[in-house]
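Notes for the structure review
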Amino acid sequence: MKARVVTFVIAMAAWLVYFYAVDWLIMTRQGLPVAWNLLPAS
Amino acid sequence: MNPAGSMRRAWTVVFLVLAATAAALAAPDALAQAADALAQPAPTPTRADYPVIGGLHGRPVVWGFAQMHLFLAAFVLAVPLFVVVIELAGAVTHDARYDVMAHEFMKISMAAYSFTALTGGGLALALFLFYPVVMDYLLKVFRGQALIYAVLFVLESVFLYLYYYSWNALRHGQRKWFHLSLGLVLNTVGLTLMFVANAWTTFMMSPAGVDPATGAITGTVWAATRNPLWNPLNLHRFLANIAYGGAIVGAYAAYRFLSVRSIKERAHYDWMGYTANLIAVAGFLPLPFAGYWLMAEIYAYSQQMGITAMGGVLAWLFIIQALLIGTILLAANYYLWCGLGRTDRGARYAPYVKYIAVVIVGGFLVWVTPHTLILSPEEIRILGGTSHKVLGPLGIMPAKNTAVNLMLVFTFMSFQLFYRSGRVPTVSWAGVGNMVIVALYAVGIVNIVAAGIYGYITPTVYKVGASVPQVVTTLTIIVVSLTIDSFMARGARKVEVHWGRMSTRSQYALFVLPVAFTWLMALMGYIRSSVRTHWHVYTIMKDASADAYIPTIGSAGNMITLVTLAFMAVIVFVFWLSQLGATVQEAPAGGEDRS
């Protein structure tokens, strides 16, 4: 069970990095601003 | 002769046909008329150039024939595409069931073929009768291509009949591979036929190879063929045809499932229905992305045309489109959920169905939420504006894109649950594999929602671009899950699938699919054609007929429904014919009656 949880957490982290990289690539290629630049300055 | 050699020869034939077709598409210039005829500007027809025959105007006649021809042609061209794949599966696995099913799929499409030719002939006749000036110009632009279309049509008929009637003669061993090659050639010809017709349609929307000011022909036939919207429409129709063909043969399987009595036959038609639904869903899942590309290209070609389609009166039809697509997804999912009952192991996945249902229904509701309503002043006062305070934001594209991507992801999940209900993986890394897939779904869904939120906060010009990561995420989930599952299935313990253990109710979901698809195709065809507004050839040749306006939604709805009903009548007849062909009358008791 513990091994599964560890695998799940690692897989989650890996997919997060993967999707973030892909999103960043797609956004910048299209000339879109990255997300945090759009958030209102506080 | 070995299989590899046979396949090599088959591919050589396919390559030669492709090369000949490509040469043929580019070569009609050789059949060109005199250069001065081409240099003349596009004709400017007057009202007198549009004959009214027996009180009939051209538009409803051409509309009806064109739509019927498109329904039938989409079906007839699509079936051999997946039949070849099923036949190949049978040849590779040596499982005769695939072969029997593939042959039966072809039998249905054969009965529809003559109707396709009839409506095609009717359409051509109606076009030349009612729109002679337009046809004269189009024939000039495309020069000899119409003749090539005719040759391709003859080839399509020859290979279709060869493929179908040689099925049992070329059933085993090396001959099977020869038969598969015939199927490949048939599909090559069929697809080319569709691509040529698509070129004529898209030329009228985004003309190329002609002078933009006068319409005089300046380029080659290839330039006119390869106009900006040609390939987006080619891809869209290719995928849609597969989904449509799958949906229609699925309805046939359901019809047979409900009408046969023996357990063996019920099992066969249940399996056939499952396969057909799978084909329909497989063709349907990438379809919104192809539609998106087509629409993006329409905007890129002419913003005005894009706004006519999605920002004006026609925008309301996209709400109806959402309703129909939601219906299709709900029906396909419902059928898959019922399918979990085919295995004893399927029950363990049943608790997840309600969560999938919540997402599908939720996505459906978001998708059908309009942004700006057509309201009376009193209604605007009560509502406090033209859009609802709370629900209004669900009407814009980021919400729709998020909803549709989640619906597609969860539809795929329904399929994956059924796939898994029939196998118990035995590989040592099955636990790890499952966790990777679950993590992929979890992060992927978060990413789709996050990109949706990004779409809200980003300036309007970036909203469309923000949907690209969502599409990529959906496709990643599907492709990676399928890949991991296929490796995990190696050496898996098979769980017995009780084909035929399906409720009668589930079969009605298979009837919903072709009806919704047909109506949807007619609806979207009306939009695609209407975006030209009062032009025959957009910005080149004006429509001077009495029908030079976008038909109202109400009258278009009547027309669309009428054509859909007519097509359904043809399909019921085709199903009946297919069943009739397999019926053998028993000899009367006491020998042949000689009286």
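Residues numbered from 1 in each chain as written. Chains lettered and ligands numbered in written order. Predicted model: local features only at pLDDT ≥ 70, side-chain atom pairs only at ≥ 80, totals over all residues.

1. Let's talk about the overall build of chain A
- Looking only at helices and strands, one finds two helices and zero strands in chain A.
- Residues classed as buried in chain A amount to 14% of the 42 residues present. (Helix = DSSP H or I, 4+ residues; strand = E, 2+ residues; numbered from the N terminus. Buried ≥ 20, exposed ≤ 12 C-beta atoms within 10 Å, placed from the backbone.)

2. Side note on the overall build of chain B
- If you tally the helices and strands in chain B, you get 21 helices and four strands.
- For a compact globule of 595 residues, the expected C-alpha radius of gyration is about 25 Å, and chain B comes in at 26 Å, within 12% of that figure.
- Taken along its principal axes, the extent of the C-alpha atoms in chain B is 75 × 70 × 55 Å.
- A burial count over chain B gives 43% of its 595 residues as buried. (Rg over C-alpha atoms; globule rule 2.2 N^0.38 Å.)

3. With respect to unusual backbone geometry
All names here are of chain B.
- Backbone geometry places Arg 143, a non-glycine residue, at a positive phi of 40°.
- Within the fold, Arg 143 resides in the loop between helix H5 (132-142) and helix H6 (145-165).
- For Arg 143, a count of 21 C-beta atoms within 10 Å translates into the label buried.
- The backbone of Thr 539 shows a phi angle near 65°, a positive value even though the residue is not glycine.
- Assignment of secondary structure puts Thr 539 in the loop between strand E3 (535-537) and strand E4 (541-542).

4. What about the nonpolar core?
- Residues Phe 75, Tyr 244 and Leu 513 of chain B are the most contacted members of the largest nonpolar core, which totals 168 residues.
- For this core, the domains that each give at least three residues are domain 1 (18-343 + 496-580) and domain 2 (344-495) of chain B. (Core = buried A, V, L, I, M, F, W, Y, C linked by C-beta atoms within 7 Å. Domains from an automatic or database assignment.)

5. Some details on H6 of chain B
Residues and elements named next belong to chain B.
- With 21 residues, H6 extends 30 Å between its outermost C-alpha atoms, agreeing within 8% with the 30 Å of an ideal straight helix rising 1.5 Å per residue.
- Within H6, the full set of buried residues consists of Gln 145, Ile 148, Leu 152, Leu 155, Glu 156, Phe 159, Leu 160 and Tyr 163. For H6, the angular spread of buried residues about the axis comes to 135°, placing them on one side. Among the exposed residues of H6, those oriented more than 90 degrees off its buried face are Ala 150, Val 154 and Tyr 165. (Expected span 1.5 Å × (residues − 1). Arc of directions from axis to C-beta.)

6. With respect to the environment of Asn 187 of chain B
All names here are of chain B.
- Structurally, Asn 187 is set in helix H7 (residues 173-205).
- With 22 C-beta atoms counted inside 10 Å, the residue Asn 187 sits in the buried group.
- A sequence separation of 108 residues divides Asn 187 from Val 79, and the C-alpha atoms of the two residues are 9.5 Å apart.
- Those residues within four positions of Asn 187 in sequence are excluded, and the remaining contacts are Pro 80, Leu 81 and Val 84. (Contact = placed C-beta atoms within 7 Å.)

7. Remarks on helix H19 (residues 468-488) of chain B
- If you check H19 of chain B, its first and last C-alpha atoms are 30 Å apart, about what 21 residues at 1.5 Å a residue would give, namely 30 Å.
- Buried within H19 of chain B are the following residues: Val 468, Pro 469, Gln 470, Val 471, Val 472, Thr 473, Thr 474, Ile 477, Ile 478, Ser 481 and Met 488 of chain B.

8. Concerning the domain arrangement of chain B
All names here are of chain B.
- The domains assigned to chain B are domain 1 (18-343 + 496-580) and domain 2 (344-495).
- Taking the mean C-alpha position of each, domain 1 and domain 2 sit 28 Å from one another.
- Each partner contributes residues to the interface: domain 1 has 21 residues there, and domain 2 has 26 residues.
- For the side of domain 1 that touches domain 2, the secondary-structure elements that each account for two or more residues are helix H11 (287-301) and helix H13 (315-339).
- By residue number, the principal contributor to the side of domain 1 that touches domain 2 is H13, which donates 11 residues.
- Class assignment for the residues of the side of domain 1 that touches domain 2 results in 14 nonpolar, five polar and two charged. (Nonpolar A, V, L, I, M, F, W, Y, C, P; charged D, E, K, R; others polar.)

9. A short note on the confidence of the model for chain B
Residues and elements named next belong to chain B.
- Looking at chain B as a whole, its pLDDT mean stands at 90, while 94% of the residues score no less than 70.
- Within chain B, E3 carries the highest mean pLDDT (96), whereas helix H1 (residues 3-26) carries the lowest (67).
- In the model output, the complex is listed with pTM 0.87 alongside ipTM 0.87. (pLDDT = per-residue confidence, 0-100.)

10. Points about the interface of chain A and chain B
- Tallying the contact residues gives 16 residues for chain A and 22 residues for chain B.
- For the side of chain A that touches chain B, the elements supplying multiple residues, two or more each, are helix H1 (2-29) and helix H2 (35-38) of chain A.
- Examining the composition of the side of chain A that touches chain B, we find that 11 residues originate from one element, H1 of chain A, more than from any other.
- Of the residues contributing to the side of chain A that touches chain B, the split by class is 12 nonpolar, two polar and two charged.

11. Things to note about the packing of helix H9 (residues 230-259) of chain B against helix H20 (residues 504-530) of chain B
All names here are of chain B.
- Taken N-terminus to C-terminus, the directions of H9 and H20 make an angle of 145°; their axes are 8 Å apart at the nearest point. Crossing of H9 over H20 shows left-handed handedness. Where H9 abuts H20, its residues Ala 243, Tyr 244, Ala 247, Ile 248, Gly 250, Ala 251, Ala 253, Ala 254, Phe 257 and Leu 258 lie against Thr 504, Gln 507, Leu 510, Phe 511, Leu 513, Pro 514, Phe 517 and Met 521.
- Per-class residue counts for the contact of H9 with H20 are 15 nonpolar, three polar and no charged. (Axes fitted to C-alpha atoms, helices over the stretch in contact; angles between N-to-C directions. Left-handed = near helix turned anticlockwise from the far one by under 90°.)

12. A look at the packing of H13 of chain B against helix H14 (residues 350-367) of chain B
Residues and elements named next belong to chain B.
- Packing of H13 against H14 brings their axes to within 9 Å, and their N-to-C directions diverge by 170°. In this view, H13 runs roughly antiparallel relative to H14, as classed from their interaxial angle. Residue-level contacts link Ala 322, Gly 326, Leu 329, Leu 330, Asn 333 and Trp 337 of H13 to Val 353, Ile 356, Ile 360, Phe 364 and Trp 367 of H14. (Parallel < 35°, antiparallel > 145°, perpendicular 65-115°, else oblique.)

13. With respect to the environment of Leu 406 of chain B
Residues and elements named next belong to chain B.
- As for its placement among the helices and strands, Leu 406 is situated in helix H16 (residues 397-421).
- Separated by 13 residues in sequence, Leu 406 and Tyr 419 place their C-alpha atoms 20 Å apart.
- Each residue touching Leu 406, except ones within four places of it in the same chain, is listed here: Val 359, Gly 363, Ile 445 and Ile 448.

14. Quick notes on the environment of Thr 411 of chain B
Residue and element names in this part refer to chain B.
- Mapped onto the secondary structure, Thr 411 falls in helix H16.
- By C-beta crowding, Thr 411 is classed as buried, having 24 other C-beta atoms within 10 Å.
- Remark: the alpha-carbon pair of Thr 411 and Arg 237, spanning 174 residues in sequence, is separated by 22 Å.
- Contact partners of Thr 411, with chain neighbours within four places excluded, come to Val 281, Leu 329, Ala 332 and Asn 333.

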